[in-house]
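Residues per chain are reported as follows:
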Amino acid sequence: MAVSTIHDITDANRDGTPDNFTFHIALSMLGLVLIALGTGGIKPCVAAFGGDQFQEHQSRQLNTFFSVFYLCINARSLLSTLITPVLRAQECGIHTQQQCYPLAFGVPAALMVVSLVVFISGSGMYIKTDPEGNIMWSVCKCIGFAIKNRFRHRSSRYPKREHWMDWADEKYDKLLIAQIKMVLKVLFLYIPLPMFWTLFDQKGSRWTLQATTMSGDFGAFILQPDQMQTVNPILILTLVPIMDRLIFPLIQKCGLNFSPLKRMTVGMLFAAMAFVAAALVQIEIDKTLPNFPSSSESQLKVVNINNKTLNVTISPNKYLLIDSFEVQHTFKHTYFTLFVNGWTADLNISNLDSIEPSATSNYTLVSHGKRDFVLRHGEQWCEFSQKFGFGASYTFLIPSTVFSTDSKTEVEDMKPNSVHMALQIPQYFLTTTGEVMFSVTGLQFSYSQAPKKQAGWLCTNAVGNIIVLIVAELGKLPKQWAEYVLFASLLVAVSIIFSIMAYFYTYIDPAEIAAQIRKEQGLEPEEKEKETLEIEEKDEGQKNDQEVKQTKI
């Protein structure tokens, strides 16, 4: 990803823009594929591998591990969200100085190499289970055989079996069949869960876009819209220890049965409340936004740079050819300025190209705060200052008397963002509380009910992101707050369905089931000892035969 952002690779004319965008897009796609492959290798294994380090009697320590594991993930998220925008804001480049995306991607890549070295250096201390081959292929073959065998014996003369997977016991080990039963039971319970991730993952997309229409001025510092996401990991680092060490034990001491599935249900409801809070914030934001033309309308702005009043008449139903004069809104956290030169000669404005008489400059992005502008023509010059608020857009009319009267006319095209980003904190608090109850508990539940089968839990996240696209595309709601309410309503409905499914779920102990199956399949102690001796004698005989053959050779 770092290589794909180095524009100078194909910038032969050194204008700061890549000459071959296809090459950079291909590199970006390659980077995403490598990230997907790496994620697919790490995520299904890392939680289960950590769980393998604990013995059966260390259930309390195991739960603590999952909490600490989740803390580490969010500590990483906090650091990356804070540091990456700072690295990106640096200017770098061989030919042209631009935002330094290579540095923003390169530093995490270097840190990943360091983390790999640290992880490998502790290899001797880990408990490592032997690889079991392609478990997915074994599971699929076992399920396929059970279905095929059940279909072959569909006649009523064949006795029924307790579970349809029992039809595979003619060919497959009973322990594998029992483990598949556990997995299928948990996967069925996972069906409603993607809806939680549908809402939760929008904090990095729609909530960030919402923040672009808000003010990030906290006085001592300015917060960028994408940095608002740091609230989530900060709250995670705070709430996980509180929940793990205080809230959940306190509920248990009160005699309440706050089981893992009940926690997950409550977590989903918290996420739904977070979107209701986001909808209320959006309603307040909408009150401050200007009325923009619809897709079938255009916006016409008439600027009078004459020193007399003019009457403008626009005939109805008459098409007008209007030069482009766009009012940007998609990223309202930036600040735009436009200069209209009403002077009789070319005018130079600081950090802008020369403007011809009766012409306009292009929209120019300026940073937040007070900015100075210098207008110059030959030896004549004047200076003025303007304070820019978040999301504001201004047009400055330069009169023909600018150098004699040192004046200009300011037109505020769009008012600065007046709704503060701090109003997003309640929705972040609610969704983070839901995350602690849902995600951390879900990891623990997945490992306790279907150990080493974490891929199914991760798939709920992937499906949730797909649902966002489907619902947003089909909904096409005109107001953003209405879409937030729609998502909240869907999650409440799903929470009710999940709570009903959880009510009928029976918790199991996979270790106990496995021990019971091994006991049923095992031999008596005397027979085990006899069989062990026979195997050892057979191995010794094979070894002697091999030595004789080697001697003959």
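Residues numbered from 1 in each chain as written. Predicted model: local features only at pLDDT ≥ 70, side-chain atom pairs only at ≥ 80, totals over all residues. Heavy atoms only, no water.

## Structural notes on the overall build of the protein
Spelled out, the test is: Under the DSSP-based scheme used, a helix requires at least four consecutive residues in state H or I and a strand at least two consecutive residues in state E, with every element numbered from the N terminus. What sets the accessible areas is the Shrake-Rupley method with a 1.4 Å probe; for residues, cover comes only from the shown protein chains.
In terms of helices and strands, the protein carries 15 helices and nine strands. Summed over all atoms, the accessible surface of the protein reaches about 33,500 Å², with 60% contributed by carbon and sulfur.

## Let's talk about the packing of helix H2 (residues 59-89) against helix H11 (residues 425-449)
Keep this limit in mind: Here an axis means a line fitted to C-alpha atoms, over the contact stretch when the element is a helix, while the angle between two N-to-C directions is reported on a 0 to 180 degree scale. Geometric relationships in this document are graded by angle, where less than 35 degrees denotes roughly parallel, more than 145 denotes roughly antiparallel, 65 to 115 denotes roughly perpendicular, and other angles denote oblique. Handedness of a crossing follows from how the near helix is turned relative to the far one, being left-handed for an anticlockwise turn of less than a right angle and right-handed for a clockwise one. Two residues form a contact once any of their heavy atoms are found within 4.5 Å. The classification used treats Ala, Val, Leu, Ile, Met, Phe, Trp, Tyr, Cys and Pro as nonpolar, Asp, Glu, Lys and Arg as charged, and all other residues, Gly among them, as polar.
Contact geometry for H2 and H11: axes closest at 10 Å, N-to-C directions at 130°. Relative to H11, H2 is oriented oblique. For the pair H2 and H11, the crossing hand works out as right-handed. Residues Leu62, Asn63, Phe66, Ser67, Phe69, Tyr70 and Asn74 of H2 pack against Glu435, Ser439, Val440, Leu443, Gln444 and Tyr447 of H11. Tallied by class, residues from the contact of H2 with H11 come to seven nonpolar, five polar and one charged.

## Points about the UniProt feature "transmembrane region" (unreviewed entry) in the protein
Note the following rule: UniProt positions are given in the numbering used here, feature names are shortened, and annotations may be inferred rather than shown by experiment.
Following the UniProt record, one finds the feature "transmembrane region" (unreviewed entry) at residues 21-42, 100-122, 182-200, 264-283, 455-472 and 484-505. Between the C-alpha atoms that bound residues 21-42 there is a distance of 31 Å. The span itself is 100% helix and 0% strand. Annotation note: span residues 264-283, helix share 100%, strand share 0%, distance between end C-alpha atoms 29 Å.

## Focus: the nonpolar core
Defined as follows: Residues belong to a common nonpolar core when they are buried Ala, Val, Leu, Ile, Met, Phe, Trp, Tyr or Cys residues joined through side-chain atoms within 4.5 Å. Relative accessibility thresholds used throughout: buried, under 20% of the residue-type maximum; exposed, over 50%; partly exposed, between the two (1.4 Å probe, protein chains only).
In terms of nonpolar packing, the biggest core is built from 64 residues, with Leu193, Phe196, Leu261, Met268, Phe438, Trp457 and Leu491 touching the most fellow members. Examining the composition of this core, we find that 12 residues originate from one element, helix H9 (residues 260-288), more than from any other. If we skip the residues at most four places from it in the chain, Leu261 touches Leu189, Phe445, Phe498, Ala502, Tyr505 and Tyr507. Core analysis: the second largest hydrophobic core is formed by 18 residues, Ala345, Val366, Phe396 and Ile398 among them.

## Comments concerning the side chain of Asn74
Summarising the element assignment, Asn74 is placed in helix H2. Dropping the residues within four chain positions of it, Asn74 is found in contact with Asn232, Pro233, Ile236 and Glu435.

## Details of the sheet that holds strand S4 (residues 348-349)
This is how the line gets drawn: At least two bridges found by DSSP between two strands is the condition for calling them paired.
The three strands lie next to each other as S4-S6-S7, forming an open sheet whose pairing is antiparallel. Where the open sheet ends on each side, the last strands, each with one partner, are S4 and strand S7 (380-388). With two bridges connecting them, S4 and strand S6 (residues 369-377) associate as antiparallel partners. Opposite Ile349, over in S6, you have Leu375 as the bridge partner.

## Structural notes on a nonpolar patch on the surface
We count it as follows: Every patch collects residues that have over 30% relative accessible area and no salt bridge, joining them within 9 Å if they carry like charges and within 5 Å if they are nonpolar side chains (Val, Leu, Ile, Met, Phe, Trp, Tyr). Here, a salt bridge means any side-chain nitrogen of Lys or Arg that lies within 4 Å of a carboxyl oxygen of Asp or Glu.
Side chains of Leu269, Val492, Ile496, Ile500, Tyr503 and Phe504 sit close together on the surface and give an oily, nonpolar patch of about 650 Å² of accessible area. Here the nonpolar patch gets four residues from one element, more than from any other, and that element is helix H13 (residues 480-503). With respect to the helices and strands, the residue Tyr503 is situated in helix H13.

## Considerations on the packing of H9 against H13
The contact between H9 and H13 brings their axes to 8 Å, and the two run at 170°. Classed by the angle they form, the pair H9 and H13 counts as roughly antiparallel. A per-class count over the contact of H9 with H13 returns 21 nonpolar, five polar and one charged.

## Brief notes about the packing of aromatic side chains
Our working rule: Aromatic pairs are defined between Phe, Tyr and Trp rings, using the six-membered ring for Trp, whenever the two ring centres lie within 6.5 Å; interplanar angles under 30 degrees are classed as stacked, those over 60 as edge-to-face, and all others as tilted. Each ring is checked for a lysine NZ or an arginine CZ that lies within 6 Å of its centre and within 35 degrees of its normal; such an atom marks a charge sitting over the ring.
Evaluation of the coordinates by the stated rule reveals 23 aromatic pairs. Residues Trp197 and Phe200 carry aromatic rings whose centres are separated by 5.6 Å and whose planes lie at 85° to one another, so their mutual orientation is edge-to-face. Taken together, the positions of Trp197 and Phe200, both in helix H6 (residues 194-200) and three residues apart, correspond to about one turn of that helix. With a relative accessible area of 5%, Trp197 lands in the buried category. On the basis of relative accessible area, Phe200 is assigned to the buried category, the value being 6%. In textbook terms, an aromatic cluster arises when at least three aromatic residues are bridged by ring pairs, as seen for Trp207, Phe275, Tyr428, Tyr484 and Phe487. Stacked on the ring of Trp167, the Lys or Arg Arg161 has its end atom at 4.2 Å from the ring centre. Over the ring of Phe248 we find Arg263, and its NZ or CZ is 4.0 Å from the ring centre.

## A closer look at a positive patch on the surface
The following threshold applies: His is not counted, nor are the chain ends; Lys and Arg add positive charge and Asp and Glu add negative charge. In this description, the location of a charge corresponds to atom NZ of lysine, CZ of arginine, CG of aspartate or CD of glutamate.
A cluster of basic residues, Lys141, Lys148, Arg152 and Lys171, forms a positive patch on the protein surface. Along the chain, the position of Lys148 falls in helix H4 (residues 135-152).

## Some points on the pattern of salt bridges
Within this structure, the stated rule accounts for six salt bridges. Its salt-bridge partner being Glu483, residue Arg206 comes within 2.4 Å of it at the nearest N-O pair. A residue pair is termed long-range when its members are at least 10 positions apart, and Arg206 in helix H7 (residues 206-211) and Glu483 in helix H13 qualify at 277 residues. For Glu284, the salt bridge is made with Lys287, and the minimal N-O distance between the two is 3.1 Å. Of this pair, Glu284 and Lys287 both sit in helix H9, separated by three residues, roughly a single helical turn.

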